[in-house]
Every structure is written in structure tokens, then in C-alpha cells.
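Structure assessment
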Amino acid sequence: DGGITQSPKYLFRKEGQNVTLSCEQNLNHDAMYWYRQDPGQGLRLIYYSQIVNDFQKGDIAEGYSVSREKKESFPLTVTSAQKNPTAFYLCASSISGQGPNTGELFFGEGSRLTVL
Amino acid sequence: DQQVKQNSPSLSVQEGRISILNCDYTNSMFDYFLWYKKYPAEGPTFLISISSIKDKNEDGRFTVFLNKSAKHLSLHIVPSQPGDSAVYFCAAIIGGGAQKLVFGQGTRLTINP
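Once a new chain begins, its residue numbering starts again from 1 and follows that chain's sequence as written. Whichever chain is written first is A, and whichever ligand is written first is 1; the rest continue in order. This being a predicted model, a pLDDT of at least 70 is required before a residue's local features are given, and a value of 80 or more before pairs of side-chain atoms are given or counted; all residues contribute to the totals for chains, interfaces and linings. Neither water nor hydrogens contribute to the side-chain values; these are computed over all heavy atoms in the structure.

Here we come to the sheet that holds strand S7 (residues 64-66) of chain A. All names here are of chain A. Strand pairing is defined by DSSP finding a minimum of two bridges between the two strands. A helix here means a DSSP run of H or I that spans at least four residues, while a strand means a run of E at least two residues long, and both kinds are numbered starting from the N terminus. Reading across from one edge, S1-S3-S8-S7 is the order of the four strands in this open sheet, with antiparallel pairing throughout. Both outer strands of the open sheet, strand S1 (4-7) and S7, are each paired with one neighbouring strand and no more. Between one strand and the next, the sheet's axes are offset by a mean angle of 20°, whatever the strand orientation. As paired strands, S7 and strand S8 (residues 76-78) are joined by three bridges and run antiparallel to one another. What counts as an axis is a line fitted to C-alpha atoms, over the stretch in contact for a helix, and the angles between N-to-C directions run from 0 to 180 degrees.

The term salt bridge refers to a side-chain nitrogen of Lys or Arg lying within 4 Å of a carboxyl oxygen of Asp or Glu. Tallying each qualifying case throughout the model produces seven salt bridges over all chains. Here Arg 36 of chain A and Asp 38 of chain A are joined by a salt bridge, their closest N and O atoms 2.8 Å apart. Two residues, Glu 58 of chain B and Lys 56 of chain B, come together in a salt bridge whose shortest N-O distance is 3.9 Å. Only protein chains enter the calculation, and the probe is 1.4 Å; a residue is then buried if its accessible area is under 20% of its type maximum, exposed if over 50%, and partly exposed in between. According to the relative accessible area criterion, Glu 58 of chain B is exposed, its value standing at 53%. By relative accessible area, Lys 56 of chain B is classed as partly exposed at 42%. Among the charged side chains, a network of salt bridges with common partners joins Arg 36, Asp 38 and Arg 44 of chain A.

All names here are of chain A. Taking burial as the measure, the eight residues of strand S5 (residues 44-51) include six buried ones, the bulk of the element. Two strands pair when backbone bridges link them, and strand S4 (residues 31-37) and S5 are joined in this way by five bridges, in the antiparallel orientation. When the bridges of S5 are listed, Met 32 appears paired with Ser 49. The hairpin formed by S4 and S5 contains six residues between the paired strands, and Gly 40 there has a positive phi angle of roughly 75°. With three bridges connecting them, S5 and strand S6 (residues 54-57) associate as antiparallel partners. When the bridges of S6 are listed, Ile 51 appears paired with Asp 54.

With that out of the way, let us pick up the nonpolar core. As used here, the term nonpolar core means buried Ala, Val, Leu, Ile, Met, Phe, Trp, Tyr and Cys residues forming a set that is joined through side-chain atoms within 4.5 Å. Residues Val 4, Phe 33, Trp 35, Leu 73, Leu 75 and Tyr 88 of chain B are the most contacted members of the largest nonpolar core, which totals 24 residues. For this core, the element with the most residues is strand S9 (residues 86-93) of chain B, which contributes four residues.

When its volume is computed, the largest pocket comes out at roughly 420 Å³. Counting only elements with at least two residues in the lining of the largest pocket, the list comes to strand S9 (87-94) of chain A together with S9 and strand S11 (107-112) of chain B. Tallied by class, residues from the lining of the largest pocket come to 11 nonpolar, nine polar and four charged. Residues are said to line a cavity or pocket when one of their atoms sits within 4 Å of a point; the points come from a 1 Å grid over protein atoms alone, cavities being sets where a 1.4 Å probe fits but cannot get out and pockets being open sets with protein on both sides within 12 Å along at least five of seven lines. Grid points are joined across faces, edges and corners, and a volume is the space filled by probe spheres set on the points. Gly falls in the polar group here, along with every residue not listed as nonpolar (Ala, Val, Leu, Ile, Met, Phe, Trp, Tyr, Cys, Pro) or charged (Asp, Glu, Lys, Arg).

The subject of this paragraph is a nonpolar patch on the surface. Residue and element names in this part refer to chain A. A cluster of nonpolar side chains, namely Tyr 10, Phe 12 and Leu 116, defines an oily patch on the protein surface of about 390 Å² accessible area. Structurally, Phe 12 can be placed in strand S2 (residues 10-13). Of the residues examined, Phe 12 reaches a relative accessible area of 56% and is grouped as exposed. The patches reported here contain residues having more than 30% relative accessible area and no salt bridge. Joining distances are 9 Å for like charges and 5 Å for nonpolar side chains (Val, Leu, Ile, Met, Phe, Trp, Tyr). Areas reported here follow the Shrake-Rupley algorithm with a probe of radius 1.4 Å; residue values treat only the protein chains shown as occluding.

Shown next, in the form of C-alpha cells:
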């Protein structure tokens, strides 16, 4: 079945540690995205990539880094510079990152990161 | 500056009745609107959308209404079922590129038996 796989589902991290969240898709989508969800807030865009080897900052990129070496993969690293990393992280993809787009995203099941 | 607002954090509706979820927006340039449904510990799933050139779109039990003059859209679910209990996000977009999606805060819908 086609879809988006995020791992791990739950992750605990000590303060000062970097952690990488995995996102893999087999939908053959060009564009991939990372969102963060906090209680009482909408989804906020961290980073996005419209094509392999290219990515752009979203609204809240500080303290995060990404790479897009393969079309299928878009890992997110939460660095120690992120002041408030405890959140639910969602990876998504869309058919195309450019041109007219209805905005329909396909989401993974999410990764919950807790900083101890 | 919250461009897309869902002012009701929660809504409780009896099974079989109509659920109405509301969303307001401030940017008149938005040309496409979407609703996503999210269960706990899962990613959102696309539910229904509407283009700004329309005022209504229907898909089974779900209907979205758009009032451009009021910058308001609503999602109607009728009849409501227990499986509809979830968080619903309204989202809006201008032009191409899903990276331009702007999400509301979400409304938690609870369907009571």
C-alpha cells in the first residue's frame, strides 16, 4: 500500500541532544513537508522540499534541519538549539510542489517527541 | 497574525444530529479551502475542499459552505456518527504550492450516543 511512514512513533530525548525523525513515502510525490502540532494550535510548517536536493524554511525553522537526498525520504533533525522541542511532528507529501495546487496533503501518522 | 481562525475549540453533538464546524479567514486572496480530520496520535486526513468560485461542495454526509463576503466557511456533517469524533482543521491556500497552506487551530468534535 502506498503511504507515508514516520518513525519512531514515540521518542524521548534528554535536553542538549539532537534527534532525527524519519519520514519515507512511496507515493512518488515530488513535495514533502514537516509540520509541528502543539495543543490548541494549528499545524505550523517547519520545512518543505519541492524537489530532491532542494528545501526551504517554513514558518518555524529555527532549531531544525532537514535533508532531501532521495525523493522518498525527508528526515528532520531537531537540534539542541530548538528551545521547546516537545511536540507532535507530522510529515506530509503532495503530488507536486510547484504550479497550481489544490493544497491536498497526505500525512504520516506522526512522531511524538518528548524532551525530559 | 492568525489568518485562519476556528473560534470554537470544542463542540459536542448528539448522534444523528447535525454538526456544524465554523472557520473564519482574513485574507481575501485565499482561493481554495480544505477540511482535514484528525484522530488522536494519527496524521490528519483530507476530508473535503472547496474552490473560492463555488459556495457549496457536498460529499456524502459532508457539505462545506463558503461565504466569501463574510470570509466564512462551515463544514456540516449530517447525520453525525460516533466515528466522526475527531479534531477538524480548516485550511486555506493562495495559488500553487501546498507549502502555502494556512491551518486553523482545530475544533474537537465529540459525538455523544
